[in-house]
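Given next are the chains, with one letter for each unit.
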Amino acid sequence: MSGTQSASEEQVDAVSIDDRIDSSDDRFGSDTDLRRVGIDPDHWYPVAVSRSVPKGKAFATAFAGERIALFRGASGAVHALEDRCAHRQVPLSMGVVEGDTLRCCYHAWTYRGNGRISQIPYLPKGVDRPPRGVRAYPVREAYGLVFVFPGDPEKADTTEFPEHPAFASPRHKTMTFSRTVKCHYSFMHENLLDMNHQFLHRGVVGRIQPRLLGSETGRDFVEARYLFTHGGGRKDRGAGFLAAEGLGGGGTADVITIRTEYPYQKLHLVPERAELPAFSLWAAYVPEDAEQRTNHVYGLLTIAKPRIPRALDLAWPFIRRFTERVFAEDRMAVEAEQRAWDEQGRDRNQEVFPLILDVRQVLRANGVPMRTRDASGCEGMCGTAPSTGVASP
């Protein structure tokens, strides 16, 4: 579907997904279980909050089953290495940072930021160091987060990096989220895009009445616009502060725009009769395990400062409490969805909302096969022929 449509048209829309998204070159068909589709590694993904990687320390993180060791050297730059020593496979994240190198805690093999071995203390004279060290990942640090490029390193420089101009703006203040959620990353996209689940949050925001104003779908994105009106019930004070209602509460409606633009997701809230967003949310859902049934959520909630000096600082604890309560309820729901999938061994959802069908197809079209291991420990690809046992380069 391109363009927009009214709420009433959306209710009766029976257009096929194939008419909305050209799937002629998709990696997966529409009958493929989305929860078995892996996320594409050829993008920039946050894997740590910057403050978790202080100077002179190593930090363990992961992307889709690949263990990664981050360390910040004396120069202040963050490096990302495969989290295993080439010698005995002991995690480098357990090591010691010396200058701009990382020394393994076991036999003190030392690595530069490019993954090459710089020293083996007991290496006999005349014996060369092993020619290969460990894999190094392209790294960028921005918005208080550490990003790595886990895919083809040759694509890193030409792949678009997320932009958040409001992050450094004096007119805004940003709240950072970093939480682990035990579900496939696709459940997170569906949860935020489908605002029809506001009944879940009735104890926090009262009776919210969402109405779909329009939507747009392309090969790598789905965008939806909702009108939110408050139909009564008690609303958390933090919700009012976040939506720029102030202490008086206010009864105005809000227009919320949510966009999944693979692999990230964005949300903007614009109060009625306002021109600029009261707040914006950017989120990335980064799989941690090889089966991608656990993801780490990194979020940047950028809030516009009111005209009253320091008013946002005073409201900050209330906003934090509100957002944590909403997130906890969403996490409860998506983790329950994942448990159901695990118990049933497949996706038995009976979805009726066209936008969710659309976003599922976008996630399939841009996803990749997941790496799996058979009983012998050999690697293969989910949905492909059995592994030959030949190790990947």
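Placed above this text is the structure.
Because the structure is predicted, anything quoted here is derived from the model rather than measured. (Residues numbered from 1 in each chain as written. Predicted model: local features only at pLDDT ≥ 70, side-chain atom pairs only at ≥ 80, totals over all residues. Heavy atoms only, no water.)

Core analysis: the largest hydrophobic core is formed by 80 residues, its most contacted members being Leu70 and Tyr226. With eight residues, helix α6 (residues 311-344) is the single largest residue contributor to this core. Grouped together as the second largest cluster of nonpolar side chains are 14 residues, Ala69, Phe71, Val97 and Tyr111 included. (Core = buried A, V, L, I, M, F, W, Y, C linked by side-chain atoms within 4.5 Å. Buried < 20%, exposed > 50% of the residue type's maximum accessible area, 1.4 Å probe, protein only. Helix = DSSP H or I, 4+ residues; strand = E, 2+ residues; numbered from the N terminus.)

What follows covers the side chain of threonine 302. Mapped onto the elements, threonine 302 comes out in strand β19 (residues 295-304). Polar contacts involving the side chain of threonine 302 include one to the side chain of threonine 174, which spans 3.3 Å. Sequence-distant contacts of threonine 302, that is, excluding residues within four places in its chain, are made with Ala166, His172, Lys173, Thr174, Ala278, Phe279 and Ser280. (Polar contact = N/O pair within 3.5 Å; in protein donor to acceptor, adjacent residues only side chain to side chain. Contact = heavy atoms within 4.5 Å.)

Turning our attention to the pairing of strand β3 (residues 58-63). Two strands pair when backbone bridges link them, and β3 and strand β4 (residues 66-72) are joined in this way by six bridges, in the antiparallel orientation. Of the residues in β4, the one forming a bridge with alanine 58 is phenylalanine 71. Hairpin connection from β3 to β4: two residues lie between these consecutive antiparallel strands, with alanine 64 at a positive phi of about 50 degrees. (Pairing = 2+ DSSP bridges.)

Time to look at the sheet that holds strand β11 (residues 139-142). Taking strand neighbours across the sheet as the criterion, the three strands line up as β2-β12-β11 in an open arrangement whose pairing is antiparallel. Two strands close off the open sheet at either side, each with one partner strand: β2 (45-49) and β11. Each neighbouring strand pair of the sheet contributes to a mean axis angle of 30 degrees, computed without reference to strand direction. As paired elements, β2 and strand β12 (residues 145-148) share four bridges and run antiparallel to each other. By the bridge assignment for β12, alanine 48 is matched with valine 146. (Axes fitted to C-alpha atoms, helices over the stretch in contact; angles between N-to-C directions.)

So, on to the sheet that holds β3. Spatially, β3-β4-β5-β10 is the arrangement adopted by the four strands of the open sheet, whose pairing is antiparallel. One side of each edge strand has no neighbouring strand; the edge strands of this open sheet are β3 and β10 (136-137). Pairing of β4 with strand β5 (residues 78-82), which is carried by five bridges, proceeds in the antiparallel orientation. Opposite phenylalanine 71, over in β5, you have histidine 79 as the bridge partner.

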